[in-house]
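# What the coordinates show
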Amino acid sequence: MFTMEALLVLIAASIIFLLVFQASRRNSKPKPGNIPPGDMGWPIVGETLMFMKPSLSTTVGDFMEQHMARFGKIFVSNLFGRPIVVSAEPELNRFMFKNDTKMFEPGWPKSFSDIAGKSSISFLVGDALKHMRSNIVEFLSTERIRNLFLQDMEYMASFVMSSWKDDTLISSLDEATKVNNHVTQVRYRHEKASNSLCFENFQFSFYIMVKNILSIEPEDPLIERLLKEYNTFTRGLVSFPLKIPGTRYWKGLKSRRILLEILYQETEERRIACDDKGGSKKKDDFLGWVIRNTDYSLEKIGDMMLHTLFAAHDTSSRAICLMIYFLDNCPKAIAELKEEFAGVITSKQQSGGSKLTYEDYKSMNFTQSVSSLGSHSTCRFQSSGVKARRCCCLGFLIPKGYHFVAHFSAVHLDPELFEDPQRFDPWRWLIGSSCGLKKRSSSEFMPFGGGARYCPGAEIARLEMAVFLHHLVRNYDWAVAEPDCPMTVPFVDFYKGLPIRVRRLTN
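Conventions we followed
Residues numbered from 1 in each chain as written. Predicted model: local features only at pLDDT ≥ 70, side-chain atom pairs only at ≥ 80, totals over all residues. Heavy atoms only, no water. UniProt positions renumbered as here; feature names shortened; annotations may be inferred. Patch = residues over 30% accessible without salt bridge, like charges linked within 9 Å, V, L, I, M, F, W, Y side chains within 5 Å. Areas by Shrake-Rupley, 256 points an atom, 1.4 Å probe, with all protein chains shown as cover. Salt bridge = Lys/Arg side-chain N within 4 Å of Asp/Glu carboxyl O. Lys, Arg positive; Asp, Glu negative; His and termini not counted. Charge placed at Lys NZ, Arg CZ, Asp CG, Glu CD. Helix = DSSP H or I, 4+ residues; strand = E, 2+ residues; numbered from the N terminus. Pairing = 2+ DSSP bridges. Axes fitted to C-alpha atoms, helices over the stretch in contact; angles between N-to-C directions. Parallel < 35°, antiparallel > 145°, perpendicular 65-115°, else oblique. Left-handed = near helix turned anticlockwise from the far one by under 90°. Contact = heavy atoms within 4.5 Å. Nonpolar A, V, L, I, M, F, W, Y, C, P; charged D, E, K, R; others polar. Buried < 20%, exposed > 50% of the residue type's maximum accessible area, 1.4 Å probe, protein only. Expected span 1.5 Å × (residues − 1). Arc of directions from axis to C-beta. Phe/Tyr/Trp six-rings, centres within 6.5 Å; stacked < 30°, edge-to-face > 60°. Lys NZ or Arg CZ within 6 Å of the ring centre and 35° of its normal.

Per an unreviewed UniProt entry, the chain goes by Cytochrome P450 and derives from Zingiber officinale. Comment text from UniProt for the chain, heading Cofactor (unreviewed entry), reads "heme". Of the comments in the UniProt record for the chain, the one headed Subcellular location (unreviewed entry) reads "Membrane".

Here we take up a positive patch on the surface. A contiguous patch of positive charge on the surface is contributed by Lys 228, Lys 243, Lys 251, Lys 254 and Arg 257. Inspection of the secondary structure puts Lys 228 in helix H12 (residues 222-236).

Below, the discussion takes up the pairing of strand S14 (residues 500-504). Note on strand geometry: in a regular strand, side chains alternate between the two faces of the sheet. As paired strands, strand S6 (residues 168-169) and S14 are joined by 2 bridges and run antiparallel to one another. Residue Leu 169 lies in a different strand from S14, and its bridge partner there is Arg 501. For strand S11 (residues 476-480) and S14, the ladder comprises 5 bridges, and the chain directions are antiparallel. When the bridges of S14 are listed, Tyr 476 appears paired with Arg 504.

Time to look at the packing of helix H7 (residues 126-139) against helix H14 (residues 286-293). Packing of H7 against H14 brings their axes to within 11 Å, and their N-to-C directions diverge by 130 degrees. Between H7 and H14, the angle falls in the class oblique. Note that H7 runs across H14; the crossing there is right-handed. The segment H7 lies against H14, with Asn 135, Ile 136, Glu 138 and Phe 139 engaging Phe 286, Trp 289 and Asn 293. Residue classes in the contact of H7 with H14 are distributed as 4 nonpolar, 2 polar and 1 charged.

Before going further, it helps to examine the pattern of salt bridges. What the rule picks out here adds up to 22 salt bridges. The shortest N-O distance in the salt bridge between Asp 39 and Arg 70 comes to 3.9 Å. You can see Asp 39 sitting in strand S1 (residues 38-39) and its partner Arg 70 sitting in helix H3 (residues 61-71), a full 31 residues away along the chain. When its relative accessible area of 10% is taken as the criterion, Asp 39 is described as buried. With its nearest N and O atoms 2.9 Å apart, the salt bridge here joins Arg 256 to Asp 303. Of this pair, Arg 256 sits in helix H13 (residues 248-275) while Asp 303 is found in helix H15 (residues 298-327), placing the two residues 47 residues apart along the sequence. Across the pair, Asp 303 and Arg 256 agree in class, each one buried. Three or more residues are tied together by salt bridges with common partners; here these are Glu 266, Arg 270, Lys 283 and Asp 285.

Here we come to H7. Here H7 contains 14 residues, and its C-alpha end-to-end distance of 20 Å stays within 8% of the 20 Å for a straight helix at 1.5 Å per residue. Among all positions in H7, only Leu 129, Met 132, Asn 135, Ile 136 and Phe 139 are buried. End-on view of H7: buried residues confined to an arc of 135 degrees, all on one side of the axis. Structural note: H7 exposes Asp 127 and Lys 130 on the side pointing more than 90 degrees away from its buried face.

Following both chains from N to C, one finds H12 and H15 inclined at 85 degrees, their axes separated by 11 Å at the closest point. Classified by the angle their axes make, H12 and H15 are roughly perpendicular. Listed contacts from H15 to Tyr 230, Phe 233, Thr 234 and Arg 235 of H12 are Leu 306, Leu 309, Phe 310, His 313, Asp 314 and Arg 318.

The next thing to look at is the sheet that holds strand S2 (residues 55-56). Within a sheet, each strand pairs with its neighbour through backbone hydrogen bonds, oriented either parallel or antiparallel. Ordered in space as S2-S12-S13, the 3 strands form an open sheet in which the pairing is antiparallel. Sheet topology places S2 and strand S13 (492-494) at the edges, where each strand pairs with a single neighbour. Here S2 pairs with strand S12 (residues 486-488) via 2 bridges, running antiparallel. What sits directly across from Ser 55, in S12, is Thr 488. Against the sheet, H15 makes contact with S12 and S13, and its axis sits at roughly 55 degrees relative to S13, the strand it touches most.

This part takes up the packing of aromatic side chains. This model, assessed by the stated rule, comprises 20 aromatic pairs. One aromatic cluster is present, formed by Phe 51, Phe 63, Phe 71, Phe 75 and Phe 80 through successive ring pairs. The positively charged end of Lys 332 is found above the aromatic ring belonging to Trp 427, 4.8 Å away from the centroid.

Here the focus is a nonpolar patch on the surface. The grouping of Leu 49, Phe 240, Leu 242 and Ile 244 at the surface amounts to a nonpolar patch, some 380 Å² of accessible area in total. You can see Ile 244 is positioned in the loop between H12 and H13.

And the structure:
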């Protein structure tokens, strides 16, 4: 039974909470000056819980749907403890990218800055941003993409698919659990030994990037450890910054430390080898390029490598999974892909070639359209995580200190811009086609960002998706073994791992 003192304390606490809540609500109302309308939600947490609620990736989610219905395509909210202007308006997004370095500064959530590292490219501005980006672009030269990257993609696709057996579910859950902690987490309700296409293409993409960043082959025992820690690292990037054992944030920080230890050790060994004139042969990978061409500190190199691995691998692997999901229900698209690939093979046989070339890839127009749809569907809250340096106006006032987020998925699923946007329709992306497009401009389709922060690895991501499709469609028939659907949590994922049953084709 409550004592009188306890009852009084409870009443006082309730009154204080209500007063704080009402003050927060009053402060959240739009101020004079045409600030976008919106709702700041509860004190401290704001509307973060609603925003983080899992939703079908083929929709914008309840949060965006409800807010756009109430406030329009531009509104304010309180997410991750900070005031944020959320935009699903293409022109405002384009304006932000164009003026990124002039009117804004990096403003990612605390979890992202703590785990990705404040020396990563997402947090740089001005000359520092230009310098780091130019190093990435120079490494990712057209010649390197045409030869080394394409060669590695061909090998990795064959390597991953070589273990697939007829009429089986690819990649056992037990095997996946050894190296993919996340797969275990998202399938906690799926206890049968089902297998995961998501995991297979996750490996494919991860192997490619680790090979070109650190020269680590898929057979190397270190790859298992890297893959496991990288998964935990990725899960913590967008999380509540609670440094409590067991939370995603805590686990993400722990994996960051482990990954950095590996990177630091490798960097120091290579620097010693560079100083030793009789040392071993230099490795032609991204880490080696940065060591030879910059004077970055050990800490800056570590953050750069972690961010590059995340940016170069995560989105493309999820896009591949989405393409397989959509293609499973579209035999017409599969038939057109097979026809296109058969044409490429016939042409190569006539010319005496055997390996896929960059020119072959560029000639695969329909394949690139399917890849565009995968990129189109993957983006949700990919932004720009920026904060206004000073008040700027484009129809609305964005106060100094407010954060700004471009919600690309809401743009890509806008029925005013795309006819029936939730329908899988790769033909709409064919050059010269008006199928399914109400209007088209660079500000409406931005799967790789824009402006000074346009993804320097965009072409690699497209090529990676095309190569995986080329090997899969040419060599296998497949069917989804159990009902599954893509969910945004907040990254695109499949709760059951999208298990599929494969059958090798006789060519």
